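Tertiary structure, described
Here's the letter readout for the chains.
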Amino acid sequence: MNEPLHIFDRPNSYIGRSVPRPDARRLLEGRGKFVDDLQLPRMLHAAFLRSAHSHARIDGFDLDAARAMPGVVAIYTGKDFADHVTPYVGTLTHLAGLRSAPQMPMAMDVARWQGEPIAMVVAQSRAEAEDAVAMIDADLHPLDAACDTESALDADTPVIHEAFGSNLAWERLVEAGDVDAVFSRNDVTVIKRTFRFGRHTGVTLEPRASVVEYDPSENRLTYWYSGQAPHMMQAILAKHLDLPEENVRVVAHDVGGSFGIKIHTYGDDIATAVAAKLLKRPVKFVADRHESFVSDIHARDHVVTGRIAVTADGTIEALDFDDLTGIGPYSMYPRTSAIECNQVLNLTGAPYKLRNYRARGRVVFQNKNLMCQYRAVGHPIAMAVADGLVDEAAAAIGVDPAEIRRRNLVPDDTYPCVSASGMKFDDLSHEKTLDRLISEMRYDDLRADQATCREKGVYRGIGLVSMVEVANPSPMFYGIGGAPISAQDGATVRLDAGGALHVSSSITEQGQGTNTILAQIAAEVFGVDMDRVKVTTGDTDNVPYGGGTWASRGAGIGGEAMLLASKALKDQVLDVAGILLQSESESLDIRSGSVVDADSGAERISLRDLARTVYYRGNELPSDVKPELIATRHYRVTDFPFVFTNSAMAAHVEVDVESGFVRVLHFWAVEDCGRVINPQLVDEQIRGGVVQGIGGALYEECVYSEDGQLLNATMADYLVPMAGEMPDISVFHVETPTKTSVLGAKGAGEAGTGGAPAAVMNAVNDALRPLGASIFQMPMSPERILKALGKV
Amino acid sequence: MTQTQTISLTINGEAVTATVPVRSNLVDFLRNDLGLTGSHVGCEHGVCGACTLEVDGAMIRGCLMLAVQADGATVTTVEGLADSPRGQALRDAFHRRNALQCGYCTPGMLASALEYVEAGRPADRAAIREHISGNYCRCTGYQAVVDAICDLIGQGAKA
Amino acid sequence: MKAPDFVYVRPGSIAEALALLADTDADATPLAGGQSLMPMMNFRVAAPGKLVDLNGLAELRGLRVENGMVRIGAMTRYAELLASDDIRENIPLFGLALPHVAHAAIRNRGTIGGSVALADPAAEIPALLLVLEAEIHMQGLAGTRAIAAEDFFLGLYETALQEGEIVTEIVVPARKTTEQFGFYEFARRHGDYAMAGVALKVGGPDHCRIGFFGVADRAIRATRAEVAYRDGGVPAAMAALDDLPFDGDLNAAAKTKRHLAGIALKRAFEGIS
């Protein structure tokens, strides 16, 4: 093989290696810097009164008793902010027809969900603020509420925003081929099922938190927050608090989990900023766990009725479904709450050769907490509907689930291609990942074990999913629709006088290892040891402009920018070195902190000496040489709206058919996220994601009463996955780098969460099939399984 | 007026005397009054485990014990562990296995893991999972944590 | 989510504690392990005016075996029960059940007396005490008294404790060599409150005691099932549960609880030791 030397084929190589995260040490020693750790001089604490009703007219407040409470500095109600913040509306122009009503940080005239902030107390301590909140007498007049998704559009359901005339927020129809013609053929088997996906929420262990400081002498607002998109928040705060954008600094130090929860505009956070500005003192707001449940965005809450048509040999001829989703009383600002439904319409069945496709989506308002983008937006629904129908069809025609996938997956050698819903795909590997999965999981052995177990009355099931994951979005995702959300990211790489690199990036770290992979990329591409790379992220004053970390975009977009900047700086340094050493710069290289002779590897000058010469003894350089030991590059995806990844996953479960309890025995994921920068970090993204997906499949649900009260807003009652019930998860990789970048990395953050629910549901149904039972409602609780079995 | 009491206790080897609101729980006192922000607050109702720390040799929930109840007690937080050799091998194993992502559950997870390892319990994955089942981690999916604890016990190393 | 303010007192003797609790104007509440009361205070569901902390009372700690009875101080913590050789030998049912009580850090702090006094319908301890024919000892300013566990748990968080009384001791007959014990519970996740659970004491083919938890408004003995067991074994016992006052909750409707109670009972019998 005589391939050209790739940028990664270099001596001190880090890309592709499981380098431990340097910043993990800090966290292991209790030296994290989370927002609630911050204590500023004269800092005050906020607490909110939230609507106890899902829908209520606000007739007024008696605040006298609350004002008299110890420690109270200020009390605000919604109307007090009318002149200090401008309303926001969660719509985007490219989501044609999407409508939502203006929102203020706290409800002014009508509260539209249980948990919506309606008044705010700022006091010397959080405890005192809560004491005063308890003394506020709010005159709320309950209104009829529209809580149920499936009846939201009925004529006799109350309309939440009267001006709209109905509770419809958005609808879209995607059609390709001739679906009706296929379903009327008599040579196809048609399977129709209704899938229900419960509401769940992110439950970041660190709740949302912000500390806001306003300095009137400079008209400058500093916003420390636990979040994923500092520059987006900068633009939003500047716009709605009427501040010059450059006077708003947003800082995100350590973030205790986010998963999409911390990427939206929350009224209580904005109110905290307004209060800090009005009071000219720092104000801290940390959501408590109850507030998190009633105000962090929720996700899913879909009802999908779908049908699939297959021929006798297992060829999928058509897919047709209707998705109905409830988003709460508003579309969330600024990303909107139509994206999840849009993803469902775009992605369902995407791994399969499919020409006849019809997908209808309707997004409705309801008097429940807002729904918006949470890890794997839309994917769990899309994958469970498609692969659920595929498995049901396979069973109906007597074809093995692995085999029906082989017959229908888009072949690996047919890219680029366009899906029925119009998605452009390239560099995917559905066949390779499925083959690897079947082999690694010993599929045939598991089938044999399944048969043996059934004879003993033990019901085990195997569930597969083949999936695509949206990653590395281009400006077509948000920016095109008018959102202040950057699809491009920047990286700056600077050589310091000591010979170390200081790098900064606009992507952010929430524990996934962003800072580590940035250091890996810079160290390798530039040519220094990794411990000589210092990384700065999460500070709008100190990093290049960019989008942050979400939609599995950090490594692919931010990583590519870092690669480009590191390569640029390397070229710049070698130019200087060439002059200092009177050599052709092309004959030189940088390795392990020194400029070396590229052929022999012999050291010519250390980076430290080079930098010190440039910085301290510029007199030694010719006067026309103006060295730049800093480089900045930006990167965005241009060729595609999204760079997709794919994976194949499998769940092995045992259903206790007497009790309805499901135990996940093992889980396998074969992931193709393109170039793997750090295998350990990717594996851990997949594992954590899978467990969140198992949570959605088996445990997690925001349970509401009919009148819109969240009934399980505690961690004892909302069931997140804990260690005792979770399986070990085997992760494997197929690497098909994307051709859209030099780095070749796609995203890996969401696949597990997107695919696991489908795999687990299919496995449960595989286990139940000999008993004639099936379940298409998540979470698949013991009671629901017992109902499916006809036992209760 | 908020009721207060004066307490004296030993925290990470240091004698501390402080006047605290009686309603303040131990973890709020450590974090807000003493700046020991390594212990985290995740739910304030004893379920998530983020505030798990050691009082008089037992791992407890810092949100379900009042600061005044710690009068006379010996308290060790994640900062105290980090300043001593105790737990070093465990921290190394967590680091190697990437048994933490965001790090918010980590102080509590380390406390529970340390209790397991120091009790001389075996490298039994199910038993380890059961023991840490009161520590919520949203990031890792738990496997790396189990791996790290198993590694350490398997090496026969002291935590 | 911060607890409302209160007066905190840490008495040095039972007598002092009782005097403090007798002050009804102060809305005084005893604080045992705090693993249930403190969450309720943090949620502001409970707002006692005065907390009387029993943790300083050595008189309420520890356990001893005496005349065939195990006497357990009310402030004895779950972890101490689990670590005790006396308990292992004399109350093997505790060894089967207590690992299911929450998690290690909660067991390090939570107390048996606290669980008894709270009477959570889904907690294990009350059902265990019903089955073990335990006696609950209480003390108030009027004196001491003892009540069979069966007469102590009256309803949802409702017990025979009078205003101003505290639980001082739980007295459990030591196991007889002929006795066997069973335990089974369905919980969504390890350590969660049970969806349905059962404890068993089997004295022989014609004698057993069955106590359910997590299925009704309190821990409850299944006396008809006990009789049915004598006559028709486990299947008969499983079929004789319909008269229990099953209550639904977020995880399971009453009908589901009825179903799971039967399965739990079967499995508890299968696992007796």
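Just so it is clear, the structure is predicted and the values come from calculations on it, not from any experiment.

**Focus: the overall build of chain B**
What chain B contains, in helices and strands, is six helices and five strands. Each helix (α) and strand (β) of chain B, taken in turn from the N terminus, gives the series β-β-α-β-β-β-α-α-α-α-α. The C-alpha radius of gyration computed for chain B amounts to 16 Å, which stays within 12% of the reference 15 Å derived for 159 residues, consistent with globular compactness. Oriented by its inertia axes, the alpha-carbon framework of chain B measures out at about 50 × 30 × 20 Å. Residues counted as buried form 69% of the 159 residues belonging to chain B. Counting contacts in chain B only where the partners sit at least 6 residues apart, residues at least 24 apart contribute 54% of the total. Counting only carbon and sulfur atoms, one obtains 48% of the accessible surface of chain B, whose full area is about 4,700 Å².

**A few points about the packing of helix 10 (residues 223-239) of chain C against helix 11 (residues 254-270) of chain C**
All names here are of chain C. In the contact formed by helix 10 and helix 11, the axes pass within 7 Å of each other and the chain directions differ by 135°. Viewed along their axes, helix 10 and helix 11 adopt a mutual orientation that is oblique. Listed contacts from helix 11 to Tyr229, Val234, Ala237, Met238 and Ala239 of helix 10 are Arg258, Gly262, Leu265, Lys266 and Phe269.

**A short note on the interface of chain B and chain A**
Opposite the 49 residues of chain B that make contact, chain A presents 54 residues. With both sides pooled, the region where chain B packs onto chain A buries about 4,200 Å², and carbon together with sulfur makes up 53% of that total. Together, His95, Tyr136 and Arg138 of chain B form the three largest contributors to the area buried by chain B at its contact with chain A, with a combined 19%. Run the count over chain B and chain A and you get seven salt bridges. Linking chain B with chain A are 29 residue pairs in polar contact (both at pLDDT 80 or more), by the criterion used here. Elements represented by at least two residues in the side of chain B that touches chain A include exactly helix 1 (26-33), helix 2 (78-82), helix 3 (88-97), helix 4 (106-118), helix 5 (125-131) and helix 6 (143-154) of chain B. Sorting elements by how many residues they give to the side of chain B that touches chain A places helix 3 of chain B first, with seven residues.

**Some points on unusual backbone geometry**
All names here are of chain A. Here the amide bond leading from Tyr333 into Pro334 is cis, since omega sits at -5°, within 30 degrees of zero. Topologically, Pro334 is positioned in the loop between strand 14 (316-326) and helix 8 (339-347). Note the cis peptide between Met778 and Pro779, where omega equals -5°. Along the chain, the position of Pro779 falls in the loop between strand 29 (777-778) and helix 18 (782-788).

**Comments concerning the sheet that holds strand 18 (residues 459-471) of chain A**
Residue and element names in this part refer to chain A. Pairing in this open sheet of four strands is mixed, and the strands run 18-26-27-28 from one edge to the other. This sheet does not close on itself; its edge strands, each paired only once, are strand 18 and strand 28 (728-733). Pairs of neighbouring strands in the sheet enclose a mean axial angle of 20°, with direction left out of account. In the packing of helix 17 (residues 751-768) onto the sheet, the strands contacted are strand 18, strand 26 (643-656) and strand 27 (661-672), and the crossing angle to strand 18 comes to about 155°.

**Some points on the interface of chain C and chain A**
Across the contact, 23 residues belong to chain C and 32 residues belong to chain A. Across the chain C/chain A interface, buried area totals approximately 2,200 Å², and carbon plus sulfur atoms make up 58% of it. When the buried area of chain C at its contact with chain A is split by residue, Arg188, Arg189 and Leu250 of chain C rank highest and sum to 33% of it. Where chain C touches chain A, the interface holds five salt bridges. Notably, a salt bridge pairs Glu658 of chain A with Lys266 of chain C, separated by 2.2 Å at the nearest N-O pair. The tally of links from chain C across to chain A stands at 13 residue pairs in polar contact (both at pLDDT 80 or more). Counting residues per element, the side of chain C that touches chain A draws most heavily on helix 11 of chain C, at seven residues. Considering only residue class, the side of chain C that touches chain A consists of eleven nonpolar, four polar and eight charged.

**Looking at the packing of helix 13 (residues 514-527) of chain A against helix 14 (residues 554-581) of chain A**
Residues and elements named next belong to chain A. Two elements in contact, helix 13 and helix 14, have axes separated by 8 Å at closest approach and are oriented at 30°. Our classification of the angle between helix 13 and helix 14 gives roughly parallel. In this structure, the crossing between helix 13 and helix 14 has a hand that is right-handed. On the side of helix 13, the interface is formed by Ile517, Leu518, Ile521, Ala522, Val525 and Phe526, while helix 14 contributes Ala555, Gly558, Gly559, Met562, Leu563, Ser566, Lys567, Leu569, Lys570 and Val573.

**Quick word on the domain arrangement of chain C**
Residue and element names in this part refer to chain C. Domain parsing of chain C yields domain 1 (61-173) and domain 2 (180-270). On the side of domain 2, 23 residues touch domain 1, which itself brings 25 residues to the contact. In total, about 2,100 Å² of surface goes out of reach between domain 1 and domain 2, with carbon and sulfur atoms giving 62% of it. Across the domain 1-domain 2 interface, the total number found is four salt bridges. Across the pair Glu150 and Arg209 runs a salt bridge whose closest N-O atoms are separated by 3.2 Å.

**Description of the side chain of Gln366 of chain A**
Residues and elements named next belong to chain A. Tracing the chain through its elements places Gln366 in the loop between strand 15 (356-364) and helix 9 (379-397). Looking at Gln366, its side chain comes within polar contact range of the side chain of Arg199, at 2.6 Å. Non-local contacts of Gln366, meaning those with residues more than four positions away in its chain, are made with Ala146, Cys147, Asp148, Thr149, Ile160, Arg199, Asp301, Gly326, Ile327, Gly328 and Pro329.

**Digging into the environment of Ile272 of chain C**
All names here are of chain C. On the secondary structure map, Ile272 appears in the segment after helix 11. Under the relative-accessibility criterion, Ile272 is labelled partly exposed at 24%. Considering only alpha carbons, one finds Ile272 and Tyr184, 88 residues apart in sequence, at a separation of 9.8 Å. Apart from residues lying up to four places away in sequence, Ile272 is in contact with Gln180, Phe181, Gly182, Leu200 and Val202.

**Focus: the pairing of strand 2 (residues 28-31) of chain C**
Residue and element names in this part refer to chain C. Pairing of strand 2 with strand 3 (residues 50-53), which is carried by four bridges, proceeds in the parallel orientation. Considered in strand 3, the bridge of Thr29 is made with Leu51. The handedness of the strand 2 to strand 3 crossover, carried by helix 2 (residues 37-42), is right-handed.

**Focus on a negative patch on the surface**
All names here are of chain A. Residues Asp148, Asp154, Asp156, Glu706 and Asp707 make up a contiguous surface patch of negative charge. By the secondary structure assignment, Asp154 is in the loop between strand 6 (137-142) and strand 7 (168-176). A residue is classified by how much of its surface remains accessible, and Asp154, at 39% relative accessible area, is partly exposed.

Basis of the calculations
- Residues numbered from 1 in each chain as written.
- Chains lettered and ligands numbered in written order.
- Predicted model: local features only at pLDDT ≥ 70, side-chain atom pairs only at ≥ 80, totals over all residues.
- Heavy atoms only, no water.
- Helix = DSSP H or I, 4+ residues; strand = E, 2+ residues; numbered from the N terminus.
- Rg over C-alpha atoms; globule rule 2.2 N^0.38 Å.
- Buried < 20%, exposed > 50% of the residue type's maximum accessible area, 1.4 Å probe, protein only.
- Contact = heavy atoms within 4.5 Å.
- Areas by Shrake-Rupley, 256 points an atom, 1.4 Å probe, with all protein chains shown as cover.
- Axes fitted to C-alpha atoms, helices over the stretch in contact; angles between N-to-C directions.
- Parallel < 35°, antiparallel > 145°, perpendicular 65-115°, else oblique.
- Buried area = accessible area lost by both parts, 1.4 Å probe.
- Salt bridge = Lys/Arg side-chain N within 4 Å of Asp/Glu carboxyl O.
- Polar contact = N/O pair within 3.5 Å; in protein donor to acceptor, adjacent residues only side chain to side chain.
- Pairing = 2+ DSSP bridges.
- Nonpolar A, V, L, I, M, F, W, Y, C, P; charged D, E, K, R; others polar.
- Left-handed = near helix turned anticlockwise from the far one by under 90°.
- Domains from an automatic or database assignment.
- Right-handed = clockwise from strand over helix to strand, strands pointing away.
- Patch = residues over 30% accessible without salt bridge, like charges linked within 9 Å, V, L, I, M, F, W, Y side chains within 5 Å.
- Lys, Arg positive; Asp, Glu negative; His and termini not counted.
- Charge placed at Lys NZ, Arg CZ, Asp CG, Glu CD.

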